[in-house]
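Residues per chain are reported as follows:
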Amino acid sequence: LVRWYYQSYPFFGYCCVGAEFTYVAMYLRSRANASSGYEIVKTLCEYFLMLSVPACATKQVVNVSQLCSSCYAVAANDAALKNKQ
């Protein structure tokens, strides 16, 4: 999954940009909810969220997969070093 994620540059870009847009849209939406009269901002944020939340969720899945893969690699290296002694 991680290898495919990094090989497809357009998909990689969509996930990275989508994750950032998700955070910005969520922030703007929370600020617009606190103030009245910003209905257009709330509506635009909801449209941005419909496009960006799948990208953000996919990026988080890839991040967890990468974390697990890295932990396994570090543990395997530590075990090899321990067995070598």
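Keep in mind that what you see is a predicted model, and the values were worked out from it rather than measured.

Q: Would you mind showing me how to read the packing of aromatic side chains here?
A: Between two aromatic rings, the relevant description is the distance of the centres plus the angle of the planes. Under the criterion given, the structure shown has seven aromatic pairs. Each ring, one from Y5 and one from Y6, has its centre 5.0 Å from the other, and the planes form 75 degrees; the classification is edge-to-face. Accessibility expressed as a relative area gives 1% for Y5, which makes it buried. Here Y6 and F12 contribute two aromatic rings whose centre-to-centre distance is 5.4 Å and whose plane-to-plane angle is 45 degrees, an arrangement assigned as tilted. Overall, F12 belongs to the partly exposed group, its relative accessible area being 24%. Here the aromatic residues W4, Y5, Y6, Y9, F11 and F12 are joined through ring pairs into a cluster of three or more.

Parameters at a glance
- Residues numbered from 1 in each chain as written.
- Predicted model: local features only at pLDDT ≥ 70, side-chain atom pairs only at ≥ 80, totals over all residues.
- Heavy atoms only, no water.
- Phe/Tyr/Trp six-rings, centres within 6.5 Å; stacked < 30°, edge-to-face > 60°.
- Buried < 20%, exposed > 50% of the residue type's maximum accessible area, 1.4 Å probe, protein only.

Worth remembering: the numbers are spatial, not functional.
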